[in-house]
Amino acid sequence: MPRSLPLLVALVAIALSTAVFRWTGVSNSTIVALTFLTIVLLTAAAQPLWAAVTASIVSMLSFNFFFLEPVGTLTIADPQNWVALGAFLTVSLVASNLSSAVRTREREAVARRDALARLFDLGRDILIMTGGPQAMSTLAQVIARRFDVPFVAICQPADPVGEWQIASAGQVPGDLPTAALDRAFERAAQAMEFDATS
């Protein structure tokens, strides 16, 4: 979906509502405000926050220009209309922000659920694995499949010092330099010692 499509849909809805109200002679500010607010809320419920905020500002300008006295200008004669316009913009922006926050938390919850499901499946696969010389290679393949990554390497220090046993799955993106593995192993060992003594 093009990035500008959600905003285009909201703007078309605002323009159509404005045209219908003008054509039918509807001038009740409450009806117009509630209609525009409904469009903004529907936009906020289904589209990104930026689209809802833009729809809020455009609907406010349309509300002011076409339905608040003096009509045809962006000035407001009645102080009460300032209150109505401010309340409309505030409600639409707050609702848009809340809707966006809810969708963000929903995505985070789904991501956590998927991560837990993958960890559960990985744990189950490990439990049913058999030992043997190919166990580490099989484990690397399982991790790559469960987490949908192109390459997994399980590196174990071996004798003599400085040598590594590497079990991998997938296409190697490049060389695995021994010096980098040594540094990573040293940092991990220091972190484990710190955790054990703290």
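Everything discussed here concerns the structure shown above.
As a starting point, this report considers the structure included with it. As the structure is a computational prediction, the values presented were derived from the model and not from experiment.

Digging into the side chain of S59
Consideration 1: Along the chain, S59 turns up in helix α3 (residues 49-67).
Consideration 2: At 2.8 Å, the side chain of S59 forms a polar contact with the backbone oxygen of A55.
Consideration 3: Not counting chain neighbours up to four residues away, the residues in contact with S59 comprise I14, F36, V40 and F88.

Some remarks on the packing of helix α2 (residues 29-46) against α3
Consideration 1: Viewed as axis vectors pointing N to C, α2 and α3 meet at an angle of 165 degrees, and their least axial separation amounts to 9 Å. On the basis of the axis angle, α2 is roughly antiparallel to α3. Where α2 crosses over α3, the two elements pack in a sense that is right-handed. On the side of α2, the interface is formed by S29, V32, A33, F36, V40, T43 and A44, while α3 contributes A51, A52, A55, S56, S59, S62, F63 and F67.

Considerations on the packing of aromatic side chains
Consideration 1: The full count for this structure, using the stated rule, is four aromatic pairs.
Consideration 2: Centre to centre, the rings of F21 and F67 are 6.2 Å apart; their planes meet at 80 degrees, and the pair counts as edge-to-face. Placement of the pair is F21 in helix α1 (residues 5-24) and F67 in helix α3, with a sequence separation of 46 residues. Across the pair, exposure class does not vary: F21 and F67 are buried alike.
Consideration 3: The interplanar angle of 65 degrees and the centroid separation of 6.3 Å between the aromatic rings of F36 and F67 together place this pair among those described as edge-to-face. Of this pair, F36 sits in helix α2 while F67 sits in helix α3; the two residues are 31 residues apart in sequence, bridging distant segments of the chain. Each member of the pair, F36 as well as F67, carries the same accessibility label: buried.
Consideration 4: Grouping aromatic residues by their ring pairs yields a cluster made of F21, F36, F65, F66 and F67.

Cut-offs applied
Along each chain, the written sequence defines residue order, and numbers are assigned to residues from 1. Local features in this predicted model are restricted to residues whose pLDDT is 70 or higher, and side-chain atom pairs enter the listing and the counts only when it is 80 or higher, whereas totals over whole chains, interfaces and linings include all residues. No hydrogens and no water enter the side-chain calculation; it runs on all heavy atoms of the structure. Counting from the N terminus, the helices are the DSSP runs of H or I reaching at least four residues and the strands are the DSSP runs of E reaching at least two. Whenever two N or O atoms come within 3.5 Å, that pair is a polar contact, provided that in protein one can donate a hydrogen and the other can accept it, and provided that, for residues adjacent in sequence, both atoms are side-chain atoms. The contact rule is simple, with two residues in contact once any of their heavy atoms fall within 4.5 Å. Angles here are taken between N-to-C directions and fall from 0 to 180 degrees, while the axes themselves are lines fitted to C-alpha atoms, restricted in helices to the stretch in contact. The labels follow the angle: roughly parallel below 35 degrees, roughly antiparallel above 145, roughly perpendicular from 65 to 115, and oblique for the rest. Helix crossings fall into two classes, left-handed where the near helix is turned counterclockwise from the far one by less than a right angle and right-handed where it is turned clockwise. Aromatic pairs are defined between Phe, Tyr and Trp rings, using the six-membered ring for Trp, whenever the two ring centres lie within 6.5 Å; interplanar angles under 30 degrees are classed as stacked, those over 60 as edge-to-face, and all others as tilted. Exposed residues in this analysis have more than 50% of their type's maximum accessible area, buried residues have under 20%, and partly exposed residues fall in between, with area computed by a 1.4 Å probe over protein chains only.

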